Amino acid sequence: MKSDLKVLFVLIILPFVNLNGQTVGFERDILSSSALNSNGFFSTSLEQNGSIYSNFDVDCATSDEYCFTEIHKYSKAGDLVWSQQLDSIFISFDALTIEEDKIYALGKYENFTEDNYFKLITLDTFGTILNSIQLGLNNEYYQNQIVTNINYIHNHLFITGYGYALNINRFVAFVKVITETGEEKYFRPWDQVALGYNKTIFWEVIEKQGNDSLVYLSGSENDGIISEFLPSKRKSLYSLDFEKNIIDTIFHTDSWRTTIGAPSFFAFNQIGNVIYSDSNSEFASSRGLEVGEIEYGGTSYEDALWITRIRDWDFQDEHNILSQRYGPLNLTVTEEDDIYVSGLMDFSRIDEKIWWNAACYITKFSSTGEFLWQKIYVEIGSGTANNKVQHIYSLDQLPDNSLIGLGVSVDPTEDSYIRKGWMLKINEYGCLDGSEDCPYLIFLDDINQTMNSKLESLNLKISPNPVTSLSNINFEKNTSGILKLLDTQGNLIKEIDIKSQSHFQMDTSFLTNGVYVLLFFPDNNSSQIYSSMLYKN
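All chains use their own residue numbering, which begins from 1 and follows the written sequence. With the structure being a predicted model, the display of local features is reserved for residues of pLDDT at least 70 and the display and counting of side-chain atom pairs for 80 or more, all residues being used for whole-chain, interface and lining totals. By convention in this description, side-chain values take in all heavy atoms of the structure and omit both hydrogens and water.

K.L.:
What should I look at first to understand the pairing of strand β8 (residues 96–99) in this one?
P.N.:
In the case of a regular strand, side chains alternate between the two sheet surfaces. Two strands pair under a simple rule: DSSP has to find at least two bridges between them. A run of H or I in DSSP counts as a helix once it spans at least four residues, and a run of E counts as a strand once it spans at least two, with each numbered from the N terminus. Relative to strand β9 (residues 102–109), β8 runs antiparallel, the two being bridged by four bridges. Looking across to β9, one finds that Ile 98 is bridged to Ile 103.

Here's what the structure looks like:
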């Protein structure tokens, strides 16, 4: 029944709680589970029931041998629960979503010869592939299509992106609605050439709680005609009623308050107003971050209830910081309406030192736009550059209010440029040491811990599995170590000390029906931890 399960070999670093009750954080470089020497990085992550699901993309641009995506599941402690490789599928941007017990991943199908063919992969939350569908995204309209986002809303999968329309010689955004079996229900190109824009992109499709008829599309339009009526570039938020084929403008920026190199980020708070973040553009150089709230129905910055702006000079006197690029890569609005923005400070000077590479920052605002704190995370590393390039592309809040960010870490050397996945865990105050008042500038070198994960067979057999009241654990030879039983949220349920045994029995009668994780810590190698699933019926 479960013969297709993969056994994982992982290095796991368990968290602990300090005296004030705050979980202590960490930062880790993470390699591919099946191609340890290949470039790779996280581009998105999703939190559900205390677990983090993410896509790890092995970089096609720098590797001819490997080109694929892995789906990873992590516990709330940051431990790898499972990893599933999607052969010949490469996910771009945020084309990963989860709905209840199903994960949907949409990526380019690299084995197909035409650009416009993708694969939709459906997995369960245990890493088993349930379905695989090949589909095109209306290639009669576009060539070289890029999918930017997929989201499960109103019992449908909404897909956004853009492509180059060869017949009209410009980039055009699109939104596509399909069922989970791949049946197309709606397709709409979004060409704003009538307004003078030669390039349009849809970045994300967003759900507004309590609204069963509309979804919302964040987009950008640029390469426009300079006029007194419309900006030459702008970011917009649209509403879509796909059953009536109606798109309306909810909000838009202007040329002076937006950059075209990255998307703006939008989310709804609990009262339904739009929270947004963007890089502030001044004379073609993005030197600041803007976070604001637009009352639903307002369409421009002039309708904002509040706008908080942060620029390099806001901190220059106190912290001697100067940055030529300062902008967001992620916006997270929590259930309590706290606002977190993560991004990069590039070409920065910090305390008279030059950091030519990007440093990661996280900023927190209250639900009314009050600036609460900002932290900058810098790791020197061992490469030839002054510091590692580290970005967070996706930030998720856990049930204990701590946050896990996933992204990319690069430590350039003279003969290599290896990208690694990057995981950063902090508490709600931005600290890794469990305190409420850590330094503004945090150097990560002293706390750096590397987690390398690799699929490997283990001569450990569990029978029966699924189990009822008693489970038999068998090793190939006598072994010693600690066996830990955890639930899928990472909570420790039981711990067993094994002393030179090849067989033992574990009482499972007290367990409720469900899925559990067994971790075995061998005495002879404390850096190796073996993981397997246990099913209780």
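K.L.:
Quick question: what am I supposed to make of unusual backbone geometry here?
P.N.:
Backbone geometry follows two general trends: most residues other than glycine have a negative phi, and most peptide bonds adopt the trans configuration. Looking along the chain, the bond that leaves Ser 463 and enters Pro 464 is cis, with omega of -15°. Among the structural elements, Pro 464 can be located in the loop between β34 (460–463) and β35 (470–487). In this chain, Asn 465 is followed by Pro 466 through a cis amide linkage whose omega measures 20°. Position of Pro 466 among the secondary structure elements: in the loop between β34 and β35. Residue Asn 49 is not a glycine yet carries a positive backbone phi of 55°. Turning to its location among the elements, Asn 49 is positioned in the loop between β3 (40–48) and β4 (51–58). Notably, His 154 is not glycine yet its phi reads approximately 55°, a positive angle. The topology assignment puts His 154 in the loop between β12 (143–153) and β13 (156–165). Residue burial is assigned from relative accessible area. The probe radius is 1.4 Å, only protein chains are included, and a residue is buried under 20% of its type maximum, exposed over 50%, and partly exposed in between. Judged by relative accessible area, His 154 falls into the partly exposed class, the value being 22%.

K.L.:
Before we go on, may I ask you to explain the pattern of salt bridges in this structure?
P.N.:
For side chains bearing opposite charge, pairing can occur when the charged atoms are close. Here a salt bridge means any side-chain nitrogen of Lys or Arg lying within 4 Å of a carboxyl oxygen belonging to Asp or Glu. Evaluated as defined, the whole model comprises eleven salt bridges. Between Arg 170 and Asp 191 there is a salt bridge; the shortest N-O distance is 2.7 Å. Of this pair, Arg 170 sits in strand β14 (residues 170–178) while Asp 191 sits in the loop between β15 (184–190) and β16 (199–206), placing them 21 residues apart in sequence. Given a relative accessible area of 28%, Asp 191 falls into the partly exposed group. We note a salt bridge from Lys 185 to Glu 183, for which the minimum N-O separation is 3.3 Å. Assessed through its relative accessible area of 44%, Lys 185 is described here as partly exposed.

K.L.:
Would you mind showing me how to read the environment of Asn 151 here?
P.N.:
Within the element layout of this structure, Asn 151 appears in strand β12. Not counting the four nearest positions on each side in its chain, Asn 151 is found in contact with Thr 97, His 156, Leu 157, Phe 158, Val 205 and Ile 206. Contact criterion: two residues are considered in contact whenever any of their non-hydrogen atoms come within 4.5 Å of each other.

K.L.:
Is there a simple way to think about the nonpolar core in this case?
P.N.:
Most often, soluble globular proteins have nonpolar side chains that are buried together. We define a nonpolar core as any set of buried Ala, Val, Leu, Ile, Met, Phe, Trp, Tyr and Cys residues linked to one another through side-chain atoms lying within 4.5 Å. Of all hydrophobic cores here, the largest spans 39 residues; its most connected members are Ile 71, Leu 106 and Leu 120. Per-element accounting of this core gives the leading share, five residues, to β9. Other than its neighbours up to four places away in sequence, Leu 106 contacts Ile 91, Ala 95, Phe 118, Lys 119, Leu 120, Leu 135, Val 147, Ile 150 and Ile 159. If you look at the next biggest cluster of nonpolar residues, it comprises 19 residues, including Val 291, Ile 310, Val 378 and Leu 441.

K.L.:
Can you help me understand the sheet that holds β3 in this one?
P.N.:
Pairing between the strands of a sheet comes from backbone hydrogen bonds, and it takes one of two forms, parallel or antiparallel. The sheet built from four strands is open, its strands ordered β3-β4-β5-β6 with antiparallel pairing. This sheet does not close on itself; its edge strands, each paired only once, are β3 and β6 (80–86). When the angles between neighbouring strand axes are averaged without regard to direction, this sheet yields 20°. Direction of pairing for β3 relative to β4: antiparallel, over a ladder of eight bridges. Directly across from Leu 46, in β4, lies its bridge partner Tyr 53. Here an angle of 0 to 180 degrees is reported between the N-to-C directions of two axes, which are lines fitted to C-alpha atoms, with helices fitted over the stretch in contact.

K.L.:
So what exactly am I meant to see when it comes to the sheet that holds strand β2 (residues 26–30) here?
P.N.:
Reading across from one edge, β2-β31-β30-β29 is the order of the four strands in this open sheet, with antiparallel pairing throughout. In this open sheet, the two edge strands, each paired with only one partner strand, are β2 and β29 (389–397). Neighbour to neighbour, the strand axes of the sheet diverge by 20° on average, direction disregarded. Two elements, β2 and strand β31 (residues 419–426), share five bridges in a ladder whose sense is antiparallel. Pairing of Glu 27 across the sheet is with Leu 424, part of β31.

K.L.:
Help me out: how do you make sense of the packing of aromatic side chains in this one?
P.N.:
Two measures describe an aromatic ring pair: the distance that separates the ring centres and the angle between the ring planes. Only Phe, Tyr and Trp rings are paired, with Trp represented by its six-membered ring, and only when their centres lie within 6.5 Å; those with planes under 30 degrees apart are stacked, over 60 edge-to-face, the remainder tilted. This structure, assessed with the given rule, holds 17 aromatic pairs. Put simply, the rings of Phe 42, Phe 56 and Tyr 74 pair up and form one aromatic cluster. The ring of Phe 268 has Lys 208 sitting right over it, with the charged end atom 5.9 Å from the ring centre. Whether a charge sits over a ring depends on NZ of Lys or CZ of Arg being within 6 Å of the ring centre and within 35 degrees of the ring normal.

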